[in-house]
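Working through the structure, step by step
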Amino acid sequence: MTEYSLSHLKELEAEAIHIIREVAAEFENPVMLYSIGKDSSVMVRLAEKAFYPGKVPFPLMHIDSKWKFKEMVEFRDNYARENGWNLIVHYNKSAFEAGVGPFTHGSKVHTDVMKTQALLEGLSKYKFDAAFGGARRDEEKSRAKERIFSFRDKFHQWDPKNQRPELWDIYNARVHKGESIRVFPISNWTELDVWQYIRLEKIPIVPLYFAKERPCVNVDGNLIMVDDQRMPKEMADKAEMKMVRFRTLGCYPLTGAVESEADTIEKIVEEMMTVTVSERTTRVIDFDQDGSMEQKKREGYF
Amino acid sequence: MTTPTIDINSYLNQDEKKDLLRLLTAGSVDDGKSTLIGRLLFDSKKIYEDQLSALTRDSKRVGHAGEEIDYALLLDGLKAEREQGITIDVAYRYFSTNKRKFIIADTPGHEQYTRNMVTGASTANLAIVLIDATKGVITQTRRHTFLVSLLGIRHVVLAVNKMDLVNYDQKVFDEICAEYKAFITQLDVPDVNFIPLSALKGENVVEPTTLMPWYHGKSMLEFLESVHISSDRNFDDMRFPVQYVLRPDLDFRGFSARVASGIIRKGEEIMVLPSRKTSRIKEIITYDGNLDEAFPPQSVTITLEDEIDISRGDMIVYPDNLPRIERHFEAMLVWMDEKPMDPSAQFFIKHANNTTRVRIDKIQYKTDVNSLQKSSVDHFELNEIGRVVLTTNKAIFFDPYKKNRSTGSFILIDPMTNNTVAVGMIIDKLNAEDLPSRIVDENTLEANKLRIHKGESLISEAQLQKRYNQKGTTLWITGLHGSGKNELAFTLEKELFEHGATVVLLDGSSIRSGLSNELDFSPADRAEHLRRVAHISKLLNDQGIITICSFISPDEKIRNQVIQIIGEDRFKLIHMDADLEFCKKNKPELYEKFEQGLIENLPGADLQYTTPENPTLVLKPENRAQNTRIIMEYLADSKIFPIL
């Protein structure tokens, strides 16, 4: 009987495709949130697979904090154009015009206004009733208990005490008007699974993931890359060229690089298996306080 | 940084081929469950350095393990749970070895978290049931094993933990295994294994034991790496429950789904349910190229040779192997909601990509998760489990859960709150026509209203009262079995008759021997029985006739249902207030049969009798000489009989 057995990646792929199709079948107006990161790239490919040979019946939405790495934005626009995606880019216009940014307002305010609020604004503006996210349960402790279909109330809030039971592969997709569901099709994937899948499927990813000489400033032990002129001059002046890569991507002032020589996926995986620091530590925003991710999630962050 | 000794490409090529094992851990923190999981993750290098340092920080603040690292903290995610020191939800953990990838569903062990364990078990291939060697097989072990078998997990490993505390003694292990074997043979688990270990010391968890030379089996991890699971799926009965209809343009019509079971083959003749139209599989399409065959759990898209109208929720099968197609079926149900079940409510049932309305016809029994004893109930509370009969609005296509996890499982959704309130596993031991049907079917009632027009009698109520010199009234006598209800009823009937009243007596034995002869004494059937009695009494009262109804009618809910049917103004409740000891002495037969275990559902014994709140009259059996007179006086005073 062994011929009828799937590898773990094929099994995870089949599960994700099932989840994505279920959302398309059950919801009127779903959207796939696209962060341009590696997890998003995998999720987007899974959506393409789910509806092949047809087109994906929902748009991509990127919440642009206006502080993303330039290479990310470039990659995003190229990918959407080349693959025929309907891409929505949403940002918090009033806050952007008021000049909100991490250097002037600090990471907490910036994240809240340019990411969390912008996301909620975007979801409300287009009246999406389901939003796909590329979060994985193994990323962080509070995600380990997240449902695949995660219910949000009218205010987009997540109540950890009031989560629907989720059994087998039967997902409860019923919501009242104004309520919504966040859906995580790659919940059960690990970081290694994601890299392995990118390798096998030859999925294009932002070059920032690969090691290269980049101008970096050491801020409290985090290597911050100088990506544009908005970095305060006294900070940017301390920049040095370093061989670095990024394990996660976000706003450039809030995303630390790691020193690395890994310029291929194989080398990245090799590095990952020998380095014992989990990926989220390179995200500055997590350092606030214990349980901070859970707090952000309650407020509507992904 | 260490230099890897293997070539990364060959590692990745090997990793790519690994399969996936989903496992459930059942046990409590006290049994060392978190320590065991922590060790499996730790020793497979999954616990990253920074998570570990955060852990050392946390343990000092709220830890329960003294100076040592508290693995439970590593696993408990949410803040509130951390404060209470128990894992509340299902947490999923991931680790891999050179041979396999693993997903652990980690669920709390206490009875109040039965629903969480059921959730974790629903996707698991294997369950580790944890036992504390110093305690042996306890109630919790039996509960966990029952749930594991209920959810159809085929492989169980009994992990006898804390062997270090019993000096790694073989005798202790053997005794526990023997006791567990005796228990689990009652349940349906095909593969049962036993492993002695010490999670705290890491003994026999990853590396084979050195301290238990008498044990020749595998260590826990070796076992998990090697247990054969690929033949657990159903490859025999092809079921393709259409999930999504793919219509990118007018020329292409594809039907997408996960193969639920069986092998779907290109070129084979298929049948579509419910239309029963047939065609052949033209193509099996995936993004990575077309396939000749697909098997569970693959997600594929198929096209057919002929144009057939197919929508989501339809099922594609082979014509010579059909699932059951029914509206009426039985299932084991687990109540998952804080709010208790309202058995008269309607729900949505989601089953095999199909959503329709469903109602609960009957609760056959509730199973006590600790003792496995069955009992009658009229509803389920949170975490309660039992066998029920259901009716859906349209037929569903299913197989019994034991044979097919995908087409035998469903969830119930409350249409008001949209919560998932229950989950079920279908049983097909009885034919649909042999199952009891619903007591009150709201749909039928509504539909019937459209057709039934009440006839107008040409005789007025005043004319009836004048003729009979009485008001049509129900004298309903309630009380325990043996309280003297029937004796009173018969004396009263005679007394009324002799004074010229027109009276009919209804009692349990006369109705149950005919009109209600298919009903038993469970709360649901009792309610149906009394509903029938109430309607007879109402018809007779409408004709101006006095009725005497002598029924135990043990609770307010049942009595209120009766009052609603008959009408409050002409319903008079007489309570025969006898204590249980009196009743047992007066009419001992049934109580003795109950003691011998021959009958159940006896009010006053295993079923509660609730004293009525507002009876019209309360009588004592000791005063039997006066009781009839009291009633006759009441009837005269209130001008029920005689009017003049």
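Every value quoted in this text rests on a predicted model; they were computed, and no experiment measured them. (Residues numbered from 1 in each chain as written. Chains lettered and ligands numbered in written order. Predicted model: local features only at pLDDT ≥ 70, side-chain atom pairs only at ≥ 80, totals over all residues.)

**Observations regarding the overall build of chain B**
When you go through chain B residue by residue, the secondary structure sums to 18 helices and 27 strands. Burial analysis of chain B (644 residues in total) assigns 43% to the buried set. Restricting the contact set of chain B to residue pairs at least 6 apart, pairs at least 24 apart contribute 72%. (Helix = DSSP H or I, 4+ residues; strand = E, 2+ residues; numbered from the N terminus. Buried ≥ 20, exposed ≤ 12 C-beta atoms within 10 Å, placed from the backbone. Contact = placed C-beta atoms within 7 Å.)

**Things to note about the overall build of chain A**
Scanning chain A from terminus to terminus reveals 9 helices and 10 strands. Looking at the 302 residues of chain A, the share that counts as buried comes to 52%. In chain A, once contacts between residues fewer than 6 apart in sequence are set aside, the share between residues at least 24 apart is 76%.

**Points about the interface of chain B and chain A**
At the interface, 59 residues of chain B touch 56 residues of chain A. The greatest single-element share of the side of chain B that touches chain A, amounting to 6 residues, is contributed by helix H1 (residues 8–17) of chain B.

**Let's talk about unusual backbone geometry**
Omega for the peptide link from Tyr52(A) to Pro53(A) comes to 5 degrees, which places this bond in the cis form. Inspection of the secondary structure puts Pro53(A) in the loop between helix H2 (38–50) and strand S2 (60–63). In the segment running from Leu273(B) into Pro274(B), the intervening peptide bond is cis, with an omega of 10 degrees. For Pro274(B), the position within the fold is in the loop between strand S11 (269–273) and strand S12 (277–285).

**So, the environment of Ile385(B)**
Residues and elements named next belong to chain B. When you line up the elements, Ile385 lands in strand S20 (residues 385–398). Taking the C-alpha atoms as reference, Ile385 lies 19 Å from Thr123; in sequence the two are 262 residues apart. Residues within four places of Ile385 in sequence aside, it is in contact with Met332, Leu333, Val334, Thr367 and Val369.

**Topic: the sheet that holds strand S25 (residues 546–550) of chain B**
Residue and element names in this part refer to chain B. With respect to topology, 5 strands assemble into an open sheet ordered S24-S25-S23-S26-S27, the strand pairing being parallel. Each end of this open sheet is capped by a strand with a single partner; those strands are strand S24 (503–507) and strand S27 (617–619). Strand-to-strand, the axes of this sheet are offset by a mean angle of 20 degrees, without reference to chain direction. Examined bridge by bridge, strand S26 (residues 571–576) and S27 share 3 bridges and lie parallel to one another. Within S27, the residue paired with Met576 across the bridge is Leu619. Lying on the sheet, helix H14 (residues 523–542) is in contact with strand S23 (474–478), S24 and S25; it crosses S25 at an angle near 165 degrees. Its contacts with the sheet place helix H18 (residues 624–637) against S26 and S27, and it is angled at close to 170 degrees to S27. (Pairing = 2+ DSSP bridges. Axes fitted to C-alpha atoms, helices over the stretch in contact; angles between N-to-C directions.)

**What about the sheet that holds strand S9 (residues 240–245) of chain A?**
In spatial order, the strands read S8-S7-S9-S10 (chain A); together these 4 strands make up an open sheet with antiparallel pairing. Taken across any chain shown, the strands that pair with only one partner, and hence form the sheet edges, are strand S8 (222–225) and strand S10 (258–259) of chain A.

**Regarding the nonpolar core**
Grouped together as the largest cluster of nonpolar side chains are 146 residues, with contacts concentrated most on Leu23(B), Ala121(B), Ala127(B), Val129(B), Ala159(B) and Val160(B). With 7 residues, the top contributor of residues to this core is S20(B). Judged by nonpolar contacts, the second largest core, of 77 residues, contains Val42(A), Tyr171(A), Phe246(A) and Ile268(A). (Core = buried A, V, L, I, M, F, W, Y, C linked by C-beta atoms within 7 Å.)

**What to know about the pairing of strand S18 (residues 354–367) of chain B**
Residue and element names in this part refer to chain B. Sheet analysis places strand S17 (residues 346–351) next to S18, joined by 6 bridges and oriented antiparallel. Within the sheet, the bridge partner assigned to Ile349 lies in S18 and is Thr356. Counted between consecutive antiparallel strands, the loop separating S17 from S18 contains 2 residues, among which Ala352 sits at a positive phi close to 45 degrees. Pairing of S18 with S20 involves 8 bridges; the strand directions are antiparallel. Bridging from a neighbouring strand, Ile363 pairs with Val388 of S20. As paired strands, S18 and strand S19 (residues 374–375) are joined by 2 bridges and run antiparallel to one another. Its bridge partner lying in S19, Thr367 is registered against Lys374.

**Here we look at helix H5 (residues 102–125) of chain A**
Residues and elements named next belong to chain A. For H5, with 24 residues, the first-to-last C-alpha span of 25 Å runs short of the 34 Å given by 1.5 Å per residue. A maximum bend of about 80 degrees is found in H5 at Val109. Those residues of H5 not exposed but buried are Pro102, His110, Thr111, Asp112, Met114, Lys115, Ala118, Leu119, Gly122 and Leu123. Those residues of H5 that are buried lie in contact with S2, strand S3 (87–90), helix H4 (93–97), strand S4 (130–132) and strand S6 (180–183). Backbone geometry just downstream of H5 places Lys127 in the positive-phi region, at approximately 55 degrees. (Expected span 1.5 Å × (residues − 1). Bend = angle between axes of the 7 residues up to and from the residue.)

**Digging into the pairing of strand S7 (residues 212–219) of chain A**
Residues and elements named next belong to chain A. Inspection of the sheet shows S7 paired to S9 by 5 bridges, in the antiparallel sense. Note that in S9 the partner of Cys216 across the bridge is Glu240. Strand direction decides the pairing type here: S7 and S8, joined by 4 bridges, are antiparallel. Across the sheet, the residue bridging to Val219 is Asn222, located in S8. Following S7, the chain reverses through 2 residues before pairing antiparallel with S8; Asp220 in that reversal takes a positive phi of roughly 45 degrees.

**Things to note about the confidence of the model for chain B**
On average, chain B scores 88 in pLDDT, and the residues at 70 or more come to 89%. Taken over the whole predicted complex, pTM reads 0.76, whereas the ipTM for its chain interfaces reads 0.90. (pLDDT = per-residue confidence, 0-100.)

**What to know about the packing of helix H6 (residues 191–201) of chain A against H1(B)**
Running from N to C, H6(A) and H1(B) point in directions that differ by 100 degrees, and their axes come no closer than 11 Å. Classified by the interaxial angle, the pair formed by H6(A) and H1(B) is roughly perpendicular. Residue-level contacts link Gln196(A), Arg199(A) and Leu200(A) of H6(A) to Leu12(B), Asp15(B) and Glu16(B) of H1(B). Of the residues that constitute the contact of H6(A) with H1(B), the class distribution is 2 nonpolar, 1 polar and 3 charged. (Parallel < 35°, antiparallel > 145°, perpendicular 65-115°, else oblique. Nonpolar A, V, L, I, M, F, W, Y, C, P; charged D, E, K, R; others polar.)

**Structural notes on the environment of Asn9(B)**
Residue and element names in this part refer to chain B. Mapped onto the elements of the fold, Asn9 is located in helix H1. Residue Asn9 is classed as exposed on the basis of its 12 C-beta neighbours within 10 Å. Once the C-alpha coordinates of Asn9 and Thr139 are considered, the two residues, 130 residues apart in sequence, prove to be 50 Å apart.

**Description of the environment of Ile511(B)**
Residue and element names in this part refer to chain B. Mapped onto the elements of the fold, Ile511 is located in helix H13 (residues 508–512). Given 19 C-beta atoms within a 10 Å radius, Ile511 is considered partly exposed. Placed 385 residues apart in sequence, Ile511 and Leu126 show a C-alpha to C-alpha distance of 52 Å. When residues no more than four places from it in sequence are discounted, the contact partners of Ile511 are Leu506, Ser516, His529, Arg532 and Val533.

**Structural notes on the packing of helix H1 (residues 8–26) of chain A against H2(A)**
Residue and element names in this part refer to chain A. Where H1 meets H2, the axes come as close as 9 Å, and the angle between the chain directions of the two elements is 75 degrees. If you check the angle between H1 and H2, you find them roughly perpendicular. Residue-level inspection shows Glu13, Ala16, Ile17, Ile20 and Arg21 of H1 in contact with H2, the latter providing Leu46, Ala47, Lys49 and Ala50. In the contact of H1 with H2, the residues fall into 6 nonpolar, no polar and 3 charged.

**Description of the confidence of the model for chain A**
Residues and elements named next belong to chain A. When pLDDT is averaged across chain A, the result is 89; 89% of the residues are at 70 or more. Taking the mean pLDDT of every element in chain A, the minimum, 58, falls on helix H9 (residues 292–299) and the maximum, 98, on strand S1 (residues 30–33). Ignoring residues within four places in sequence, the model shows residues 285–291, a span with pLDDT below 50, making 8 contacts including any to other chains.

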